[in-house]
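# Fold and geometry: a report
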Amino acid sequence: MNPAQQPDSYEAADYFSWLRRRWWIVLVLTVVGGVAAFGYATVAPKSYTAMAAVSVVPVAGLSNNVVANGRTGSLQVNLDTEAQIVTSLNVAGQAGKIMHSNLPPFQLASHVAVTVPPNSSILDIACSWTTGAGSAQCAQAFATAYLNNRSATAAQQINSTVKSLEQTEAADTTKLGQLSSAIARLPRTSAQRVTDTNQVHLLGRQIQTLSNQVATASAGLGNLSGGSIITPASAPSKPTSPKKLIILPSGVVGGLVLGLIIGFFMDRRDKRIHGPSDIARLIDAPVLLDLPAGTFGREISLASPRSKLGHEFTELAHSISASLGEGNHVLLVAGTSGGAGRSVIAANLAATLARTHTEVVLVCAALNGTVAPDLLGVGEPGAGLAELVTGSATVRDVVRAPAGMPGLWVITPGADPSLAVYLRHDTARELISRLRRDVRYVVIEVQATEEGADTFALAEFADASVLTVETERTTRDGVADCIRRLRQLRTPILGTVMFGAIAGRVSVRPPRERHSRMGGSGALESRMGQDGPPNGPGRGGGYNELSALSGMQDRRGGPPMGARDMYGDHADSRVTGG
């Protein structure tokens, strides 16, 4: 695992990556949200709101006139309290009678909202209704009912005050009469007469005061108006609800947010490999080559050396060669998913190594579904790796030289790939050892999935491996399983080659036969089947140069191959496990 990044960690670039992959989910849900909002705004019940403004003034006789309002310190009426009175059941009941409505008072009150503008003595009474005329009638009825209720309350309080004053005045008058009768019976020099006389004068003044208060309170009954409607309610021409300018953007934003959430979680649940960052979470190894989607179409072929793709494979070959160092090496090209992808990478890499370095043998050990022989033009039926491991053929019998590709030999899967189940450890070791001794690079194409379990054992004898990953097809579990199996076999991983998924059904375009400065594939095949001296008569130019390769000193310190064919005398004994 890469210690710098956990498997479930996300960087800023990853969020943009999944957004590029799941943009259609975000777009669809955004459109759905907008359409749903438009549909709701179209079919939802319309609501109209009308408003009546009432100016509130103090009323003589009301007790709340002496309570200062927190909003308007200059008034002696608490408008917050008055706003609550407007929506009370008493006022709502009176408004219902004015409107001739059968709705209960609490339902009528639910349609009304009262606001108090700052620093004012105004009550804005708004009523929402299903029609414009109904909303105006409702607001006007509540304003009228509130003022009527305020006047009735004032009259009730004034009458109560007058009655209380009159009762007190009558009691004082009776007491005054009693004191006057008592004074008439007392002697002029009596001290009690003086006291009663003073009490009579006091009661007289008190009765006069009460009489004045009764007159003042009674006068208030003539002006019980607690305010007036300064702005009558008028029927609105447009509905106030639903508000399209709010609902439509809200629907779009809601769909966008929902799309982002769903897209993110769908991408998190997707186990496919999408890019280099996904590989970095699984293995601490570089991406050696990252080919964009669409590099390989339905018709696949070898990359031309002069093309952009050919240059990228050249850089890959040099990078792998530098990583492996001097000497002869065995390189494993492991496919982490089914399909033709691993064959395309293995064939191009082997051909590029042969062109840029020296002799290369490509072993097509992915017995099921490999297209590497067809890509190299050696796909005709015949003996191959399956017959080689069972001992029914020799290396000289199965090796093939593609036309126009000097230095490259191919071992195909064979006529009967099912025989690969008999691959033994000693047989595989002897085969790989022989190939390593004869050529500079041995490239083995294997399949890491279950169908390649038999030949994947060749990874034990490889010096390094390269993983092929098809984006949008290879899963994280597939890569992790391949890494696990390579580590069990102690095969180092140089890195990965990533490329866009190749179509399930592809057509292979074999290479065009080109005139080779080494004499073409005929010279190579001739050399493979000859046991005579390399410089014997009748040999072409291709044989002479290739025989120079076969005459190199044995890497293990043995005698030079000299006059022996590379895959001639050395391959006379069959490679078996016994």
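Quick look at the structure, then. (Residues numbered from 1 in each chain as written. Predicted model: local features only at pLDDT ≥ 70, side-chain atom pairs only at ≥ 80, totals over all residues. Heavy atoms only, no water.)

## Observations concerning the overall build of the protein
The number of helices and strands found in the protein is 18 helices and 14 strands. Counting across all 578 residues of the protein, residues that qualify as buried make up 46%. For the protein, the share of sequence-separated contacts (at least 6 apart) that also reach a separation of at least 24 residues comes to 79%. (Helix = DSSP H or I, 4+ residues; strand = E, 2+ residues; numbered from the N terminus. Buried < 20%, exposed > 50% of the residue type's maximum accessible area, 1.4 Å probe, protein only. Contact = heavy atoms within 4.5 Å.)

## Examining the nonpolar core
Of all hydrophobic cores here, the largest spans 45 residues; its most connected members are Val-363 and Ile-444. Excluding residues within four positions of it along the chain, Ile-444 makes contact with Val-330, Leu-331, Leu-332, Val-333, Val-363, Ala-365, Ile-432 and Leu-458. Among the nonpolar cores identified, the runner-up in size contains 42 residues, and Ala-317, Val-333, Val-360 and Ala-372 belong to it. (Core = buried A, V, L, I, M, F, W, Y, C linked by side-chain atoms within 4.5 Å.)

## Description of the environment of Ser-164
Mapped onto the secondary structure, Ser-164 falls in helix α6 (residues 132–185). The partly exposed category is assigned to Ser-164, whose relative accessible area is 39%. Spatially, the C-alpha atoms of Ser-164 and Leu-210 are 10.0 Å apart, while their sequence positions differ by 46 residues.

## Observations regarding the sheet that holds strand β5 (residues 287–290)
With mixed pairing, the eight strands of this open sheet are ordered in space as β5-β13-β12-β7-β11-β8-β10-β9. Each edge of the open sheet is held by one strand with a lone partner, namely β5 and β9 (399–400). In this structure, strand β7 (residues 329–335) lies alongside strand β11 (residues 441–447), joined through seven bridges in parallel fashion. Within β11, the position partnered with Gly-335 by the bridge is Gln-447. Along the sheet, helix α16 (residues 476–488) makes contact with β7, β12 (464–471) and β13 (493–500), crossing β12 at roughly 175°. (Pairing = 2+ DSSP bridges. Axes fitted to C-alpha atoms, helices over the stretch in contact; angles between N-to-C directions.)

## Description of the pattern of salt bridges
All told, the structure shown has twelve salt bridges when counted by the stated rule. Its salt-bridge partner being Glu-472, residue Arg-272 comes within 4.0 Å of it at the nearest N-O pair. Here the residue Arg-272 occupies a position in the loop between α8 (244–269) and α9 (276–280), and Glu-472 occupies one in the loop between β12 and α16, the gap between them amounting to 200 residues. The partly exposed category is assigned to Glu-472, whose relative accessible area is 33%. Ionic pairing is found between Glu-470 and Arg-473, a salt bridge with its closest N-O pair at 3.2 Å. Under the relative-accessibility criterion, Glu-470 is labelled buried at 2%. Three or more residues joined by partner-sharing salt bridges are found here, namely Arg-434, Arg-437 and Asp-438. (Salt bridge = Lys/Arg side-chain N within 4 Å of Asp/Glu carboxyl O.)

## Description of the pairing of strand β2 (residues 112–115)
It is a general feature of regular strands that their side chains alternate between the two faces of the sheet. Direction of pairing for β2 relative to strand β3 (residues 122–129): antiparallel, over a ladder of four bridges. Residue Ala-113 lies in a different strand from β3, and its bridge partner there is Ala-126. The antiparallel hairpin formed by β2 and β3 contains six residues in its connecting segment, where Asn-119 sits at a positive phi of about 55°.

## Concerning the packing of aromatic side chains
Counted under the stated rule, the structure contains two aromatic pairs. Ring plane angle 80° and centroid distance 5.6 Å describe the contact between Phe-264 and Phe-265, whose orientation is recorded as edge-to-face. A centroid spacing of 6.1 Å and a plane angle of 85° characterise the contact between Phe-296 and Phe-499, whose relative ring orientation is edge-to-face. With Phe-296 in the loop between β5 and β6 (299–300) and Phe-499 in strand β13, this residue pair connects regions lying 203 residues apart in the sequence. In this structure, Phe-296 and Phe-499 share a single accessibility class: buried. (Phe/Tyr/Trp six-rings, centres within 6.5 Å; stacked < 30°, edge-to-face > 60°.)

## Focus on the sheet that holds β2
Ordered in space as β2-β3-β1-β4, the four strands form an open sheet in which the pairing is antiparallel. Only two strands of the sheet have a single neighbouring strand rather than two, namely β2 and β4 (227–231). Direction aside, neighbouring strands of the sheet carry axes that sit 30° apart on average. The pairing of strand β1 (residues 48–56) with β4 spans four bridges and is classified as antiparallel. The partner of Val-56 across the bridge, within β4, is Gly-227. Where helix α3 (residues 79–86) meets the sheet, it contacts β1, β2 and β3, and its direction lies at approximately 25° from that of β3. Contacts from α6 reach β1, β2, β3 and β4 within the one sheet, and its direction differs from that of β1 by about 20°.

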